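Summary of the model geometry
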Amino acid sequence: EAGVTQFPSHSVIEKGQTVTLRCDPISGHDNLYWYRRVMGKEIKFLLHFVKESKQDESGMPNNRFLAERTGGTYSTLKVQPAELEDSGVYFCASSQVGQGPEAFFGQGTRLTVV
Amino acid sequence: RKEVEQDPGPFNVPEGATVAFNCTYSNSASQSFFWYRQDCRKEPKLLMSVYSSGNEDGRFTAQLNRASQYISLLIRDSKLSDSATYLCVVNMRAGGTSYGKLTFGQGTILTVHP
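What you see is a predicted model; the values in this text were computed from it and never measured.

Thoughts on the interface of chain A and chain B
Across the contact, 24 residues belong to chain A and 22 residues belong to chain B. For the pair chain A and chain B, the summed buried surface comes to about 1,900 Å²; carbon and sulfur atoms form 53% of the total. Run the count over chain A and chain B and you get zero salt bridges. Summed over the shared surface of chain A and chain B, the result is five residue pairs in polar contact (both at pLDDT 80 or more). Where the side of chain A that touches chain B is concerned, the elements lending two or more residues are β4 (31-37), β5 (43-50) and β6 (53-56) of chain A. Examining the composition of the side of chain A that touches chain B, we find that four residues originate from one element, β4(A), more than from any other.

Laid out in structure tokens, this is it:
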């Protein structure tokens, strides 16, 4: 069974550019989460989808970040325009309702803004 | 004050040693507790859930003290393969329809040497 997959694995962009990260959750998982780890800090929650609906977006840093999950399958996280402080590793995770607490993480997208 | 605090280490121990990690959380309304493991440049993976009664999985024992808001992980007979970052993770929900967002500690680095 395929796990959570994220694209790209690495991205280097210039300040002011736009980047779109993609996450494909485990098939059938309704819950999809985005997290971010900035260097030297803990992993922090960004937002949570249940199917196509945003359940909790309290962790989104500002309006330069836009997450979508059209059709309740894969999700995208767009950063526009990117700033230097957006650099970090962006993790996606998924879980299924009623199947226990485990959240399965993707390997992350390492974003560097220069 | 961070929501979840861990001693970042690093802990350097020889094979066969017993090592203990501690974690405290600030929100007394937290409902569920976990230890995740993260290998270098990999995604976090659930190691074990933590219950008030204490739970054991092979060489790993986890304990929760709700009164003190304290979580521990004990690793006995350390193996080289135990080298990783151990993440203390807290959730505000106990389950039901969704576990919601996870709150991470910064992680404790463990290196087991021959």
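Okay, back to it.
Comments concerning the side chain of R37(B)
Residue and element names in this part refer to chain B. Structurally, the position occupied by R37 is in strand β4 (residues 32-38). At a separation of 2.8 Å, a polar atom in the side chain of R37 contacts the side chain of D39. Residues in contact with R37, not counting those within four places in the same chain, are E43, P44, K45, L47, S81, D82, S83, A84, T85 and Y86.

A word on the sheet that holds strand β8 (residues 70-75) of chain B
Pairing between the strands of a sheet is mediated by backbone hydrogen bonds and can be parallel or antiparallel. All names here are of chain B. Across the sheet, five strands lie side by side as β1-β3-β8-β7-β6; this open sheet has antiparallel pairing. Each end of this open sheet is capped by a strand with a single partner; those strands are β1 (4-6) and β6 (55-57). In this sheet, adjacent strand axes meet at a mean angle of 20° when their direction is disregarded. As defined by bridge partners, β1 adjoins strand β3 (residues 19-25) across three bridges and the pair is classed as antiparallel. Bridging across to β3, V4 finds its partner in Y25.

Parameters and conventions
- Starting from 1, residues in each chain are numbered consecutively following that chain's sequence as written.
- Here the convention is simple: chains get letters from A, ligands get numbers from 1, in the order in which they are written.
- Reporting of local features is limited, given that this is a predicted model, to residues whose pLDDT is at least 70; pairs of side-chain atoms are given and counted only at 80 or more, and all residues count toward the totals for whole chains, interfaces and linings.
- The side-chain figures draw on all heavy atoms in the structure; neither hydrogens nor water molecules are used.
- Contact between two residues is taken to exist if any of their heavy atoms lie within 4.5 Å; hydrogens are not considered.
- Here the buried area means the combined drop in accessible surface, using a 1.4 Å probe, for two parts upon being joined, counting both sides.
- Any Lys or Arg side-chain nitrogen located within 4 Å of an Asp or Glu carboxyl oxygen qualifies as a salt bridge.
- For this analysis, a polar contact is any N or O atom pair within 3.5 Å, provided that within protein one partner can donate a hydrogen and the other can accept it, and provided that sequence-adjacent residues contribute only side-chain to side-chain pairs.
- In DSSP terms, a helix is any run of H or I states spanning at least four residues, a strand is any run of E spanning at least two, and both are numbered starting from the N terminus.
- A strand pair is defined by DSSP finding two or more bridges across the two strands.
- Every axis corresponds to a line fitted to the C-alpha atoms, with the helix fit spanning only the stretch in contact, and the corresponding angles, defined between N-to-C directions, vary from 0 to 180 degrees.

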